[in-house]
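Each chain, written out:
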Amino acid sequence: EDGRLMIFNLPNETYHSAPGVSASALKRMTRSAHSYKHGGGDTETAAMAFGSLCHAALLEPDTLNDKKYAFLPQDEKGKNMVRNPKHKAYQEFLAKKGERIEVTKGDWEAAKEMALAVRKCPEIKRYLEDMASDKYTEVSIFWIDLTTGLLCKCRPDLLVVPHDPEQFITCFDLKTVKDSSMQAIQYDGE
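Quick caveat, the model's predicted, so the values are computed rather than measured.

> How should the nonpolar core be read in this particular structure?
For soluble globular proteins, the rule of thumb is that nonpolar side chains tend to be buried together. Judged by nonpolar contacts, the single largest core of 16 residues is most densely connected at Leu 53, Leu 64, Tyr 69, Trp 108 and Ala 111. Secondary-structure elements contributing two or more residues to this core are helix H4 (46-59), helix H6 (105-120) and strand E7 (158-162). If one sorts the elements of this core by residue count, H4 sits on top with 7 residues. The contact partners of Tyr 69, leaving out residues within four places of it in the chain, are Leu 53, Ala 56, Thr 63, Leu 64, Arg 100, Ile 101, Val 103 and Trp 108.

> What am I meant to see in H6 here?
Working note: α-helix, 3.6 residues per turn, so residues spaced by three or four point in the same direction. With 16 residues, H6 extends 23 Å between its outermost C-alpha atoms, agreeing within 8% with the 22 Å of an ideal straight helix rising 1.5 Å per residue. Listed in full, the buried residues belonging to H6 are Trp 108, Ala 111 and Ala 115. Buried residues of H6, viewed axially, fall in a sector of 65°; they line one side. Facing away from the buried side of H6 by over 90 degrees, the exposed positions are Glu 113 and Lys 120. The inward-facing, buried residues of H6 abut H4, strand E2 (69-71) and strand E3 (101-103).

> Before we go on, may I ask you to explain the sheet that holds strand E4 (residues 133-137) in this structure?
Either a parallel or an antiparallel arrangement is found when strands of a sheet pair, and the pairing is made through backbone hydrogen bonds. The antiparallel open sheet is built from 3 strands, whose spatial order is E4-E7-E8. Every interior strand has two partners, whereas the edge strands, E4 and strand E8 (170-172), have only one. Pairwise comparison of adjacent strand axes, ignoring direction, gives a mean angle of 15° for this sheet. As paired elements, E7 and E8 share 3 bridges and run antiparallel to each other. For Leu 159, the partnering residue across the bridge sits in E8 and is Cys 171.

> Help me understand the sheet that holds strand E5 (residues 140-144), please; the structure alone is not making it clear to me.
Strands sit in the order E1-E5-E6 across an open sheet of 3 strands; the sheet is antiparallel. Of all strands in the sheet, those bounded by a partner on one side alone are strand E1 (5-7) and strand E6 (151-154). Across the sheet, the mean angle separating the axes of adjacent strands is 20° when strand polarity is ignored.

> For this particular structure, what's the right way to read the side chain of Lys 97?
Locating Lys 97 in the fold gives a position in helix H5 (residues 88-97). One buried charged residue, Lys 97, remains without a salt bridge, the closest side chain of opposite sign being Glu 102 at 4.9 Å.

Calculation notes
- Residues numbered from 1 in each chain as written.
- Predicted model: local features only at pLDDT ≥ 70, side-chain atom pairs only at ≥ 80, totals over all residues.
- Heavy atoms only, no water.
- Core = buried A, V, L, I, M, F, W, Y, C linked by side-chain atoms within 4.5 Å.
- Buried < 20%, exposed > 50% of the residue type's maximum accessible area, 1.4 Å probe, protein only.
- Helix = DSSP H or I, 4+ residues; strand = E, 2+ residues; numbered from the N terminus.
- Contact = heavy atoms within 4.5 Å.
- Expected span 1.5 Å × (residues − 1).
- Arc of directions from axis to C-beta.
- Pairing = 2+ DSSP bridges.
- Axes fitted to C-alpha atoms, helices over the stretch in contact; angles between N-to-C directions.
- Lys, Arg positive; Asp, Glu negative; His and termini not counted.
- Salt bridge = Lys/Arg side-chain N within 4 Å of Asp/Glu carboxyl O.

Coordinates in, geometry out; function isn't part of it.
So, in structure tokens, the structure goes:
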């Protein structure tokens, strides 16, 4: 009725390939038109993979299991296996892991600790435990900007929708960062 379309359970790849301008695209435009047109690259970095793991630990802890993730083996000293496709042991690990996401034991533990710390934060805890609101993860939202006529889109990590229509809807966009100062977060942009 207000021109917004919310789609639940839309695969991430489908959202990203769908038409519409996102905040990430606009941030790329501040760098260059080429960056805007061609995106930030398709290769997931280790930092992005860790961010996804932290997202799962905080908002979808039921997905933290060996059906979705495969631990990279460690030697007797606790050192991770070398990720070299030429090594037979790594080839065997890749064959066993199948479609599961490769994670290290250290990243797994760090993600769980970060999620626990975030859940303890009173401001966040209030939203996560609020029984008078519905909570949705990774909802794809599309709308037409009334000023420009552009199709816009966003995919908040968490959308908190109060049962009381007089209350505000709250969107969370979670980021893992090395430096949490306001200056660093504003500069990073993505």
